[in-house]
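Structure assessment
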Amino acid sequence: MKKIREMSYEEKFFNKLIKSDDLKKEKAILGAFFKHPVWWLIKSVKKNPPKFNETSLAQCDFCGPYAKKRGACMRNILRVVLKSKKTKKLEKFVCPNHLSGFCLPLIQGDKIYGYIGLCHLDSEMPEIAPELFVNFMHTLIKDIQKELELSKLYETIRPRAIALSTVHTIHRLISSTLDLDELLPRIARLCMQVTQSNRCSVKLLDEKRNVLKPITTIDIRSKRKLYPKELRVGKGIPGKAVKAEKVLRGHDYISVPLIDENVIGVITIYDKLGGKAFTQFDQEILMTIAEQAVIAIKNAQLYKEQENLAISSIKSLATILDTRGPSTFIPRTAFVKIVMAMGREMGLNPTEVRSLQCAALLHDAGQLFVPDEILSKPSKLTGKEYQLIKEHPAKGAEMFEPTKYLKPVIPIILHHHENYDGSGYPNNLKGAEIPLGSRIMAVVSAFLAMITPKSYRVTKTVEEAKQEIIRNSGTQFDPKVVAEFLKIIEQREIKETIAKERGHEIA
Amino acid sequence: MKLHKLIKIPIYFKIIAFFHENPASIDTPRGVAAWTGENRQDVKKALLKLAELKVLTAHKVSSTTAYSFTRNSKLIAQIDSAIKKERQEGERS
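Residues numbered from 1 in each chain as written. Chains lettered and ligands numbered in written order. Predicted model: local features only at pLDDT ≥ 70, side-chain atom pairs only at ≥ 80, totals over all residues.

1. Some words on the overall build of chain B
Of the regular secondary structure elements, chain B holds five helices and three strands. Seen in sequence order, chain B has helices and strands lined up from the N terminus as α-α-β-α-α-β-β-α. Taken across its 93 residues, chain B has 30% of its residues classed as buried. Within chain B, contacts between residues at least 6 apart in sequence are counted, and of these 47% link residues at least 24 apart. (Helix = DSSP H or I, 4+ residues; strand = E, 2+ residues; numbered from the N terminus. Buried ≥ 20, exposed ≤ 12 C-beta atoms within 10 Å, placed from the backbone. Contact = placed C-beta atoms within 7 Å.)

Below, the structure is given as structure tokens:
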């Protein structure tokens, strides 16, 4: 296919003509009629002698074996070719051996693509034969031209259609996330792929400080994580592109500012594969992606703002809940921190981790419906009192039912008192029936409750609490969650958090 | 199955050749099926296999998975020679 693209139109035309099945059939028909005709096809008569199909001429038993006669034959053919060039019509001739033949210029409009002829016709040529041959060749030429035009159109349109489809796919890929941490590296990788560049950086503008903050920089030649520095607006290629608010393109870079109403950042690609120069096409496709990226980034920023607002409200609510009394209290900061760390380690995606964060903050909100005297009762609860306590997960879930944002959080809240063996409440769920977030919260909540000082019971040491968790693994707690928990609490940062909550330094 | 065996299967050859000729392309199974003229479900399976072999990179999002050609220069050189060999064999036969 690549070879055909590199050919000239005339070469392609000849290629198709020679390989044409219709021409082969015509040759077979004429061959049957004239017994042993010799075919020849030439592209041009500029060269003297023209390049004939030597193999065909060699078949001629008159001129083939004898060089001198062959020269006379060639001159004879050249004469008729020149004549047909002038008249632009089929010309008949008789060769030195008194065998007849004819030559037809391959014409379309004013253009002559070459000449086709046959000689060594040992039967008498009927008057109608040349006319039929002319008609046949004209139809064949038209068909080949149509085929070539379609092929040219296909070759022109196909790469554009592929590029358009790529741009459409990129749009789908970048508009499918609202997480900036996921979005920006994705944009960088896609830019590198479509421009076949080795490096890409996405920087966002810090308007107050007038600097570009490097958010993502990827270089496929480097396996290490890159830590580029901030860049002042006006400095370096990206800084200049942002200051000028226009695309800058050089041999080995293109820098496209991300412009909404104002500039919000810049995408810069470097070093095209194989040291080639970036092209206008690269620039146009990068500009298209940049336009889509701006929308995706703005949406993600807006979503992040709303999310922060929602989390702040939830934190405020959680603070109010913490004031209910000491019996409800487990250290909130440590609880949320350990639960989120476990969620991440156990493969939850960022959205699921955020849901887990909300659930951790609100899991005991249903205790608002439990009287203070029951919550703070130091002695054993009566059956009725315990029943009220057991209702708090369902009450909490019910509270947040109308809040659409908290929809994924509700099952985690509802089932955070279920036990792994099915002995918990409210629905006696077992094993994997219990949401993973709930299983995580059950372990962390029990651990922190045991190590947090309480007036009515002896506080356990971290080691004692760990042993208690291990003892209940497989019954109250999910063994996989317990195993992960035991790893997490060995992390220095988590150890420090626990020690801080317990009011003393870590060992 | 390894690359040199997979490339002998027409659908795999078409997909590999498509991305080899259009290394900047990123497309979904639907798109690749259109460019290669093959059945979408068969293309989907072949794309998964080629991503496993790292011939293609999968870009997975919730609604679809898009695929692009590898950037590994050694692998590209291997693919290049495998395609040439396959084409030569095709011409001979």
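2. Focus: the overall build of chain A
Helix and strand counts for chain A stand at 19 helices and ten strands. Buried residues in chain A amount to 32% of all 507 residues. The contacts of chain A with a sequence gap of at least 6 include a subset with a gap of at least 24, amounting to 54%.

3. Concerning the interface of chain B and chain A
On the chain A side, the residues contacting the 17 residues of chain B number 14 residues. When residues of the side of chain B that touches chain A are traced back to their parent elements, those giving at least two are strand S1 (26–27), helix H3 (29–36) and strand S3 (65–69) of chain B. The class makeup of the residues in the side of chain B that touches chain A is six nonpolar, nine polar and two charged. (Nonpolar A, V, L, I, M, F, W, Y, C, P; charged D, E, K, R; others polar.)

4. Topic: the sheet that holds S1(B)
Paired through their backbone hydrogen bonds, the strands of a sheet run either parallel or antiparallel. Residues and elements named next belong to chain B. The strand order S1-S3-S2 describes an open sheet built from three strands, whose pairing is antiparallel. Two strands bound the open sheet, and with one partner strand each, they are S1 and strand S2 (56–60). Across two bridges, the pairing between S1 and S3 is antiparallel. From the neighbouring strand, Asp27 faces S3, where its bridge partner is Tyr67. (Pairing = 2+ DSSP bridges.)

5. Here's the deal with the sheet that holds strand S9 (residues 253–259) of chain A
Residues and elements named next belong to chain A. One open sheet accounts for six strands, arranged S7-S6-S5-S10-S9-S8; its pairing is antiparallel. The two strands at the open ends of the sheet, each matched to only one other strand, are strand S7 (231–232) and strand S8 (248–250). Along the sheet face, helix H9 (residues 280–322) touches S8, S9 and strand S10 (263–272) and points at about 30° away from the line of S9. (Axes fitted to C-alpha atoms, helices over the stretch in contact; angles between N-to-C directions.)

6. Some words on the confidence of the model for chain A
In the predicted model, chain A carries a mean pLDDT of 86, and 91% of its residues have values of at least 70. A low-confidence stretch, residues 1–5 of chain A stays under pLDDT 50, and its non-local contacts, those more than four residues away or across chains, total two contacts. (pLDDT = per-residue confidence, 0-100.)

7. What about the packing of helix H10 (residues 332–345) of chain A against helix H16 (residues 436–451) of chain A?
Residue and element names in this part refer to chain A. Interhelical geometry of H10 versus H16 gives an angle of 140° and a closest axis separation of 10 Å. Considered as vectors, H10 and H16 are oriented oblique to each other. Judged by the sense of rotation from one axis to the other, the crossing of H10 with H16 is right-handed. Contact residues: H10 offers Ala334, Phe335, Ile338, Val339, Met342 and Gly343, while H16 offers Gly437, Ile440, Met441, Val444, Ser445 and Leu448. For the contact of H10 with H16, the per-class residue count stands at nine nonpolar, three polar and no charged. (Parallel < 35°, antiparallel > 145°, perpendicular 65-115°, else oblique. Left-handed = near helix turned anticlockwise from the far one by under 90°.)

8. Comments concerning the confidence of the model for chain B
Considering every residue of chain B, the mean pLDDT works out to 92; 98% of them sit at 70 or more. Across the interfaces of the predicted complex, the ipTM metric reaches 0.92, alongside a pTM of 0.67.

9. Regarding the packing of H16(A) against helix H18 (residues 479–488) of chain A
Residues and elements named next belong to chain A. The geometry of H16 relative to H18 is characterised by a closest axis approach of 10 Å and an angle of 50° between their N-to-C directions. Taken together, the axes of H16 and H18 are oblique relative to one another. As for how H16 packs across H18, the hand of that crossing is right-handed. Contacts from Arg439, Ile440, Val443 and Val444 of H16 reach H18 at Val481, Val482 and Phe485. Among the residues forming the contact of H16 with H18, the class breakdown is six nonpolar, no polar and one charged.

10. Details of the nonpolar core
Of all hydrophobic cores here, the largest spans 56 residues; its most connected members are A:Ile187, A:Cys191, A:Ile267, A:Leu286, A:Ala293 and B:Ile15. The next biggest cluster of nonpolar side chains, apart from the first, holds 44 residues, and it includes A:Ile314, A:Ile338, A:Ile413 and A:Met441. (Core = buried A, V, L, I, M, F, W, Y, C linked by C-beta atoms within 7 Å.)

11. Points about helix H14 (residues 392–400) of chain A
Residues and elements named next belong to chain A. The set of residues buried in H14 consists of His392, Pro393, Gly396, Ala397 and Phe400. Looking down the long axis of H14, one finds its buried residues gathered within 140° of arc, a one-sided arrangement. Tucked into the core, H14 has its buried residues touching helix H11 (350–362), helix H13 (383–390) and helix H15 (410–414). (Arc of directions from axis to C-beta.)

12. So, the pairing of strand S5 (residues 197–206) of chain A
Residue and element names in this part refer to chain A. Of all the ten residues making up S5, seven are buried; the element is thus mostly covered by neighbouring parts of the structure. Here seven bridges tie S5 to S10, and the two strands are oriented antiparallel to one another. Across the sheet, the residue bridging to Cys200 is Ile269, located in S10. With eight bridges joining them, S5 and strand S6 (residues 211–219) adopt antiparallel strand pairing.

13. Things to note about the pairing of S2(B)
All names here are of chain B. Of the strand pairs in this sheet, S2 and S3 are connected by five bridges, and their pairing is antiparallel. Within S3, the position partnered with Thr57 by the bridge is Ser68. The loop that links S2 with its antiparallel partner S3 comprises four residues.

14. Structural notes on helix H4 (residues 40–52) of chain B
Residue and element names in this part refer to chain B. Spanning 13 residues, H4 covers 18 Å between terminal C-alpha atoms, matching the ideal 18 Å at 1.5 Å per step. All of the buried residues in H4 are Val43, Ala46, Leu47 and Leu50. The arc that holds the buried residues of H4, viewed along the axis, is 105°, so those residues lie on one side. Seen from the open side of H4, the exposed residues pointing more than 90 degrees away from its buried face are Gln41, Lys45 and Glu52. On its buried face, H4 sits against helix H2 (10–21), H3, S2 and S3. A positive phi of about 65° marks Lys54, the residue just after H4. (Expected span 1.5 Å × (residues − 1).)

15. Observations concerning unusual backbone geometry
With the exception of glycine, the majority of residues adopt a negative phi angle, and the majority of peptide bonds are in the trans configuration. Residues and elements named next belong to chain A. Here the bond from Tyr425 into Pro426 is cis, since omega is 15°, no more than 30 degrees from zero. Here Pro426 shows up in the loop between H15 and H16. Positive phi, normally seen in glycine, also occurs at Asn210, with a value near 55°. By secondary structure assignment, the location of Asn210 is in the loop between S5 and S6.

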